[in-house]
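Descriptive structure summary
What follows is each chain in one-letter form.
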Amino acid sequence: SRPDGKPLCFSRFSRWTCLTLALLYEEVLYTIRHRLGKPEPHHVADAQELYAYVQKAFGMDAEEHRVSMQRVKELESPIFCLKATVKEAKGILGKDVSGFSDPYCLLGIEAKSQEPAHPDSKKRLKAVVKDLIPEDQIHRTQVISQTLSPVWDETFILDSDVVESVRHKLGELTDLHGLKRIFKDARKDKGQDDFLGNVVLRLKDLHCWDDQWYQLEPRTETYPNRGQCHLQFLLTHKRRATTSSRTQPSYTVHRHLLQQLVSYEILQHQAGSIAWDGELSRHASTVLYLHATQKDLSDFHQVMAQWLAYSKLYQSLEFNSNCLLHQITSIEYQWVQERLRPEQKAELAESFQSLLTYGVSLIRRYRIIFPLSVMRSTERLQSLLRVLVQMCKMKAFRELCTLSPDLPKMVSEALKSGTTEWFHMKKQHLKPMSMEENGKALAKLLLEVIGDLQQCQKTWNKFFISPPGRPQKHLCPTAAPSSLCPCQVAEHVQEQLRKVDSSMSKPTAESLFQLYLNLQELYRMKDFLPKRDGPLALSDFHQWFKEAVPQWLQKAYTIALERAQRAVQMDQLVPFGEHNKHSTSTVDLSTCYAQIVKTWQQLNWPDPEEAFMIMVKLVEDMCKIALMYCRLIKARAEALSLSEQNEGEAANRLCIVVNNIKQLRLLILKLPSQLDWAQLERRTGAVIDPQQIQHTLHHQLDSTVSCLDHEVQDVVQALATKVTACHQPHLARSGESIIPLMKFLESELQYLNEHLVQENFKSLLALLWHHTLAVLTAAAGPQTSSTQRYKKLHCALKSLELCFHAEGCGLPLETLHSAAFLTLESHLALCSSTSRKLIQKYFSNRIQEQLDASSEKYGAVTIKALYRPSEQKLRVEVLNAVNLIPLDSNGSSDPFVQLTLEPRHEFPEVVARTTQCKRNELHPLFDEAFDFLIPPEKCRQEGACLLLTVFDYDTLGANDLEGEAFFSLRHVPGLDADEDQADMGWVPQTRLSLTHPKPSGDEILRLLESRKGDKEAQAFVKLRKQRAKQSKETA
C-alpha cells in the first residue's frame, strides 16, 4: 500500500519501459561479472548469489536472465585502473644532518612479479621502483622539505597512455600475483637519493576501496622500523561497454539501480508484514557498492542519488520517512553547488518540490493517512514533519528553490482545507430519509466532530502548536488540525433544524436531545479551538431547541414513571441484600430519580429564567412519582397479603413498605443538593425573587415530605395493628403468665428491629407500647379481691418496660413513662399490695398532704416531739391549738386533742391518749406531755405517724370533728441520735394545719373496701368513713 492509502501494483514495468529495465539489468550483470578487488567481509562474495538476487529484484524469469547474461558475456571487458592517493607518512627516518628528511614518493606498477616462490618467505625485495619500472610509467609526488611527517594528499591514476599497453599490463597483474610499488627516496642536492622504505602490495589483496596505514619495509635489517605511510586505493573501470554507461551519467544510472533494488527490498518487507527501516540487505549493499566504486562515484553523488531515489520512492511505497534524514544531513554537510551540472541542480530542486508537495498533501489527509488505530501512526507523522522541516532548512533547498515556500503557511492551509474536506465527506456519508433520522444523523456528525477535536487536543496538536511559554519548536505556531470553523457546524445544524416542523413529533424531538448534548460538548471545547475574530457561532445554540424541551421533560417523566410502576409490580417485598432493609423497588426508584437528575445536569440550560421553570417541572414530576409509588407499594403489600392469608407475613411486608417509604423520603430530601438549588438561586438572583424560589420549590418539596411522613405513620399504624393482633392473646393471658408474652415480643421485636430502619422501628415501638398499656389497663379494670392477679399484671408491666427500653436501644424512658403508664403502674402497685401495705400507703399519702398543706382553714395545732432511744420512748408535748372553727351554738367550742399512733397494726398495744377539754375556747392552751413506749424500728416504718385529732366535746351526742393532723415519726427528732437529748428545750415547735378528710373518698379506701373478707381492712375503712361523715369538706 502507498502512504496515501492507494493500492500499489508493482511489477518490472511499473517504473520504466521494458527496454530501459533490460538495459539496467545488463548494467548490473556487467557490474557483477567484472567485479574488482577482494570482497569486503560484510559483502556477498559468491557471484551466483548476486545473480540470483538481482534476477528476483528485476523480476526476470530464467530465460530472460540467460539471454541477458549471454549478451553481457559478449560485451567487451572494461578497462581497469587503479586510483591511488598518497595521503601522508609518519615516523620516517631523518637522513639529513638536521635530523630531518626531504621525502617524496615514487609509484608504479611492476608487470613481472619478484614475489618469492613461497609466500611465507621472509626475503625482502631489495630493488626500488626506478630500478624495476620504466621511467615513463613511474608517478612521483612533490618533495616535502625538512619533515618526518610529510603530508602529500596527491591522487594518481596508475595506467598507461597507450590503452593496449595498460590493458596488457593490468591483465598480467591479474594473472600474476599483484602489484609491487616501491617508493620513498630522499632527494639530495648532490649524489644519489637515500632510500627510506618501500611498500609492496599484491593486487588480489586489495579491496575495491582501501584506506589504511602501511608499514614501510627496509631493504636490510639495519633500520627495521622505518615509519608508516597512509594510502588510499580505488579499483575502477575507466571504460564500460554497457549501453547505460555509454549513454547516461554515472550517478543517473546508479540512482535507477538504487531505486529498483530499494523498491524490491521494501516490497519484500511488506510481504512479510514488516515495516522497512531503511537498512538494505547484504546482497543489495554489495551490488550498489560494486557499481558505485566501478563507476568512481563520489560520496556526494552517491548521497544525491540516494536522495533522488528515496524521495521518489517515498511517494509511492510506504516506508519510514526517517530514512530520508540521513541523505538530508549528508547533502547538507557536503553541499557544494558548483559540483553539480545544471541538469543535476534542476533534478535535485524538482525532487525537493515534489516531496514537499506530496508531504503537505499527506498532512492535509492526516486523518486517513495516519489513523490512530494503526500502530506508530503518530511517529510516522512526526517523522514526516521533521523531514519537511529539515529539508526546508537545507542550504541546497534554499539555493536551488528560488521561490522558497513558507512551510508553516502551507501546512496551515493544508490542515484547514483537509479539515473542511473531511467535514464535507462526513456530511455526504449521512443521508437521512426522515426528520427523526435527520436528528440522529446530525448527532452522529457532531459526535464525529467532537471525537476529532478530542484527538486533535490529545494527540495531533502537540505536533503543530507550541504550548504557551515554551520555545517555538513546532511546525506551525498558529495552525492546528482542529481548524474546523464552528460556523460551518452551526450553519449546517441550523439549516437542518429549519426543516423540522414547528409542531415536531415526539420521535423527532427525542432524536434532537442527543444533538443538543453534542452541541453542548462542542461548545465546551471552544477554549481548544483556534483563536478567531468575532463571537463563537454556537453561543446561543440552546435557543434552537426550545420547542423540544417540554417533550424531553415529558419523556424523562414517562420513562421514570413506567420504570417505577414495573419495579413495584416485580417487587416481592423482601429485603434486598443481606445488609439492606428495603426491597428492590427502591433501587429502581433511586435509578429513576438519578436519571431525572442527570437529565437536568445534561440540559444545563443557559437561560436562568427558563432553567427555573424546567426545575419546577422536574421537581413536580419527581414528587408525583413519589406519591404514586406510595400508593402502589401499599397496594402491592395488600395484594400479596390477601393471596397468602398470613398475618405474620403481612406484618413483615408492612415493615418493608415502611422502610421503602422512608428510603424514598431520603431520596426526596437529597434533591436540593443533587439538583444544586443553591447554584440555581445564584444564577436566577437577578430575574427571580428568592422568596418565589422558596415558595415554589421548597414548599413543594416540604409538602411531599409531609405526605410521605403521613404515609409512614399510616403504614406503621397498620403494622402495629397487625402485630398487636398477633400478641393480643398473650397480653390477655399476661395475668396468668408473662413468659409466653415475653417470648412472643422477643422474637417479633427482634425481627422488626432487623427489618425496619431505626426511626421506623421506634415509631412502631411507641404505637405498640401505647396499645400494650391500653390492654393492660383494661385487664386491670375489673375490681377483684385477688391481689395475686394484680401482682402478675404489675410484674408484666415492669417486664414490658424493660423489654421496650432494651437497655437504651429501644424507646427512651421519657416516652415509656407516659401518663397512662404512671397511672397504670400506680394502680397495679396498689392493687397488688396487702391491706396493711395499703393502710401504710394511705397514711404516707396523708403525711404528704400534711406537708403540702398551706392553708389553716380549720385551724392548727402546735406540738413538740422527741424520741429517747435509750428508753425507747416517744415524748409528745401538745402545746396549743389556734383558729379552731366554732362548733357550738354559742359560737365557740370545747376542744380537746386525741393522740393515736398509726397505723394500728404497727402499734397494736399503744392506746390512744387525750388532753383535757378546754371550755369555750377557740385558741386553747394545753401544755400537756405524753409518753409512748415504742421501738425505733416501728417509727421508721412506711406511714408511721402520730395522728392528732381535735374534737369539740358534746355532752349528749358524739364529739364533733374540729380537724386532724398527721405528724410523721420517721423524722422525729432524736430518732437517729446516738445519745438521748437532755430535755425538750432544744426541740423546735411543729405547727400542723388541721384538715378534714375528703368525702369523695380515696382510691386506697376503695380498694380496702372491696376486700370484703379482710376484717382489718373493713375496720379501717369503717373508721375512716366515720371520720369522713364529720368532714366539713364538700365533694
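For the structure, check the block above.
Presented here is a report on the structure given in the accompanying data block. (Residues numbered from 1 in each chain as written. Predicted model: local features only at pLDDT ≥ 70, side-chain atom pairs only at ≥ 80, totals over all residues. Heavy atoms only, no water.)

Description of the environment of R246
Applicable threshold: Under the scheme used here, helices are H or I runs from DSSP no shorter than 4 residues and strands are E runs no shorter than 2 residues, and both carry numbers assigned from the N terminus. Partly exposed describes any residue whose relative accessible area lies between the buried limit of under 20% and the exposed limit of over 50%, with all areas from a 1.4 Å probe on protein chains only and scaled to the type maximum. By definition, residues are in contact when any of their heavy atoms lie within 4.5 Å. Polar contact is the term for a pair of N or O atoms within 3.5 Å; when the atoms are in protein, one must be able to donate a hydrogen and the other to accept it, and sequence-neighboring residues count only if both atoms are side-chain atoms.
Relative to the helices and strands, R246 resides in helix α6 (residues 243-247). Look at R246 and you get exposed, because its relative accessible area is 55%. Apart from the residues within four sequence positions on either side, R246 is in contact with R240 and A241. Separated by 3.2 Å, the side chain of R246 and the backbone oxygen of A241 make a polar contact.

Quick notes on helix α8 (residues 282-294)
Cut-off, in case you're wondering: What a helix is expected to span follows from its residue count: subtract one and scale by 1.5 Å.
Taking 1.5 Å as the rise per residue, α8 with 13 residues should run 18 Å; its terminal C-alpha atoms sit 18 Å apart, in good agreement. Every buried residue belonging to α8 is among A284, T286, V287, L288, L290, H291, A292, T293 and Q294, and all of these are buried. For α8, the elements touching its buried residues are α1 (18-33), α2 (47-57), β9 (228-239), α7 (250-271) and α9 (299-314). Positive backbone phi, approximately 55°, marks D296, located one or two places after α8.

Looking at the side chain of T293
Tracing the backbone shows T293 in helix α8. Of the residues examined, T293 reaches a relative accessible area of 8% and is grouped as buried. Here T293 is in contact with C208, L234, L235 and T236, once residues within four sequence places are set aside.

Brief notes about the pattern of salt bridges
Stated formally: Salt bridges are defined by distance alone: a side-chain nitrogen of Lys or Arg within 4 Å of a carboxyl oxygen of Asp or Glu.
One pass over the full model with this rule turns up 30 salt bridges. Of the charged contacts, one joins D296 and K83 as a salt bridge, the two residues approaching to 3.2 Å between their closest N and O atoms. Here D296 is found in the loop between α8 and α9, whereas its partner K83 is found in strand β1 (residues 79-90), with 213 residues between them in sequence. We classify K83 as partly exposed; its relative accessible area is 24%. Residue K87 is joined to D153 by a salt bridge in which the shortest nitrogen-to-oxygen separation is 3.0 Å. One end of the pair, K87, is in strand β1; the other, D153, is in strand β5 (residues 151-158), with 66 residues separating them in the sequence. In this structure D153 comes out as partly exposed when scored by relative accessible area, which is 48%. Three or more residues are tied together by salt bridges with common partners; here these are R846, E849, E964, R1024 and R1027.

Here we look at the nonpolar core
Counted only if it meets this: Grouping buried Ala, Val, Leu, Ile, Met, Phe, Trp, Tyr and Cys residues that are joined through side-chain atoms within 4.5 Å yields what is termed a nonpolar core.
By size, the foremost hydrophobic cluster in this structure holds 122 residues, and its most contacted members are L515, W552 and I625. The element that contributes the greatest number of residues to this core is helix α21 (residues 608-644), accounting for 17 residues. Residue contacts for W552: discarding those within four places in its chain leaves A509, E510, L512, F513, Y516, F545 and L603. Grouped together as the second largest cluster of nonpolar side chains are 107 residues, L36, I92, L201 and F319 included.

What to know about the pairing of β5
How we decide: At least two bridges found by DSSP between two strands are what make those strands a pair.
Residues of β5 alternate between two faces, with W152, E154, F156 and L158 buried on one and V151, D153, T155 and I157 left unburied on the opposite face. Judged from the 6 bridges that link them, β1 and β5 form a sheet pairing that is antiparallel. Note that in β5 the partner of E88 across the bridge is V151.

Function cannot be inferred from these measures alone, as they are strictly geometric.
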